[in-house]
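# Descriptive structure summary
For reference, the chains in residue letters:
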Amino acid sequence: MPAQKFNFNFAPAEEEDFDEEGEIEEEMIGHPMLMRKATDEELKQIEQKELANYPTKTQKVIGVLKNLQQDYTNLEDEFEKEYQKLREKYNALQAPIIVRRNEIVLGEKDATEEELSKVTLAEVSTEKTEDIKGIPDFWYKVLLHSEIRAEWIQEEDLEALKYLKNIVIEEFGAKPKEPAATTEEKKSEEDEEIDFKSNPGFKVIFQFNENPFFSNESLVKTYYYEDAENEDIAASEGTEIQWKEDKDLTVKITTKKQKHKSGTRTRTIQVKEPKDSFFNFFKNLEEEVQKEENEENMMLQELLENEAEFGDLFKDRVVPNAVKYFLNTALPEEGDFSTVPEVTDMLTAQVNAAQEGTEPPKQECKQQ
């Protein structure tokens, strides 16, 4: 599936913004679109035209300000380098914890006596007596208690998600790009759309047990950053789901009557129509929303608009804090999904139920 590209509308300045001698037109001075395209020489022109508005002594003072700006920028660069080192250090320290969590959840290894001795969790009376290996419904419950449940997961998705056994975040670095051999090839590259597939990024990998819905063992959503220094998500691509017969959760079968060309007879036909589903997440959303049959599918539109936020939510909150989500104690952060009415209502109901000692009402999923 081709990588989806997000339209950030960062178009460069048009060629007509420069006159025949390469001079920058007066009205384009300082224009942000120009600044992204300007060469060092062009930036020098812009600076000189600004300085020409001030006397020589003031120009010197502006030079001092420019030096201060450079000092500030140098510290910013130093901070970014130190931050990256610190993040790499703690990512390395956290990685074994995630591995150990997966071993226990999947039942690959039992909790040790030492680990059990450190547990401070209060025991709750239960009628469950049978031994189970691992926590079979761990990731199902994680999604069920997450912000994603309230907004995107439909009732029909739940049965398939019960077969989810793990969610893994896998980060990757930039891939080397092959240099263009000739000037013509370079020109051709410039004319083409930017290919983000060589950029660093991350994968959200959903691993499933064998199930009656699809044959894929894993469903993967891959996100690509703008570049090595900018971790804003620029593009994505997903796994094509190999649905088993009549099990596609992203479409519904409707029966329609079709008139014969003669206009005298009709026949009944079955038509596949798109429907809301969490599994739309794995589609190439930009292509999907452009299809005529999806023009009215608002969920696909919303998924596309929230694509980057969705990926960051899995990477930065859901997977790292999976145990909190499993126990239903993870609260949404300020902003983003925390203002979704369904989430607010769900949390309020849970708090009230806890205070009253009753069962919280089941959260109904939004159908469109």
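Residues numbered from 1 in each chain as written. Predicted model: local features only at pLDDT ≥ 70, side-chain atom pairs only at ≥ 80, totals over all residues. Heavy atoms only, no water.

Counting its secondary structure elements, the protein contains 13 helices and 7 strands. Taken over 368 residues, the protein has a buried fraction of 33%. Contacts spanning at least 24 positions in sequence make up 60% of the contacts within the protein whose residues lie at least 6 apart. Summed over all atoms, the accessible surface of the protein reaches about 25,300 Å², with 50% contributed by carbon and sulfur. (Helix = DSSP H or I, 4+ residues; strand = E, 2+ residues; numbered from the N terminus. Buried < 20%, exposed > 50% of the residue type's maximum accessible area, 1.4 Å probe, protein only. Contact = heavy atoms within 4.5 Å. Areas by Shrake-Rupley, 256 points an atom, 1.4 Å probe, with all protein chains shown as cover.)

In the numbering used here, UniProt assigns the "coiled-coil region" (unreviewed entry) feature to residues 58–89 and 282–309. Helix makes up 100% of residues 58–89 and strand makes up 0%, while its end C-alpha atoms are separated by 47 Å. (UniProt positions renumbered as here; feature names shortened; annotations may be inferred.)

Looking now at the packing of aromatic side chains. Taken as a whole and assessed by the stated rule, the structure comprises 24 aromatic pairs. Relative to tyrosine 83, the ring of phenylalanine 79 has its centre 6.1 Å away and its plane inclined at 20 degrees; by these criteria the two rings are stacked. One end of the pair, phenylalanine 79, and the other, tyrosine 83, are both in helix H3 (residues 56–105), 4 residues apart, so they sit about a helical turn from each other. Its relative accessible area of 39% is what places tyrosine 83 among the partly exposed residues. (Phe/Tyr/Trp six-rings, centres within 6.5 Å; stacked < 30°, edge-to-face > 60°.)

Grouped together as the largest cluster of nonpolar side chains are 39 residues, with contacts concentrated most on Trp139, Ile148, Ile167, Phe206, Phe278, Phe279 and Phe314. Among the elements of the structure, helix H5 (138–144), helix H7 (158–161), strand S2 (164–172), strand S3 (201–208), strand S4 (218–225), helix H11 (307–318) and helix H12 (322–326) are those that each provide at least two residues to this core. The element contributing the most residues to this core is H5, with 6 residues. In this structure phenylalanine 206 touches Leu164, Asn166, Ile167, Glu217, Ser218, Leu219, Phe278, Phe281, Phe282 and Phe314, once residues within four positions along its chain are discounted. Counting 5 residues, the second largest nonpolar core, distinct from the first, contains Phe172, Phe196, Tyr224 and Ala235. (Core = buried A, V, L, I, M, F, W, Y, C linked by side-chain atoms within 4.5 Å.)

Another point: the environment of glutamate 171. By the secondary structure assignment, glutamate 171 is in strand S2. Distance in space between the C-alpha atoms of glutamate 171 and proline 200 is 7.8 Å, their sequence separation being 29 residues. Discounting residues that sit within four places of it in the chain, glutamate 171 has contacts with Asn91, Gly201, Phe202 and Tyr225.

We now examine the pairing of S3. In summary, the side chains of a regular strand alternate between the two faces of the sheet. Burial analysis of S3 places 6 of its 8 residues in the buried class, which makes it a mostly covered element. Pairing of S2 with S3 involves 8 bridges; the strand directions are antiparallel. Pairing of leucine 164 across the sheet is with phenylalanine 208, part of S3. Looking at chain direction, S3 and S4 are connected through 7 bridges and run antiparallel. Across the sheet, glycine 201 pairs through a bridge with tyrosine 224, a residue of S4. (Pairing = 2+ DSSP bridges.)

On to the pattern of salt bridges, then. The final tally for this structure, using the stated rule, is 11 salt bridges. A salt bridge links aspartate 137 to lysine 141; the shortest N-O distance between them is 3.4 Å. Taking the relative accessible area as the measure of exposure, aspartate 137 reaches 31% and is therefore partly exposed. Between glutamate 147 and arginine 317 there is a salt bridge whose closest N-O contact spans 3.4 Å. (Salt bridge = Lys/Arg side-chain N within 4 Å of Asp/Glu carboxyl O.)

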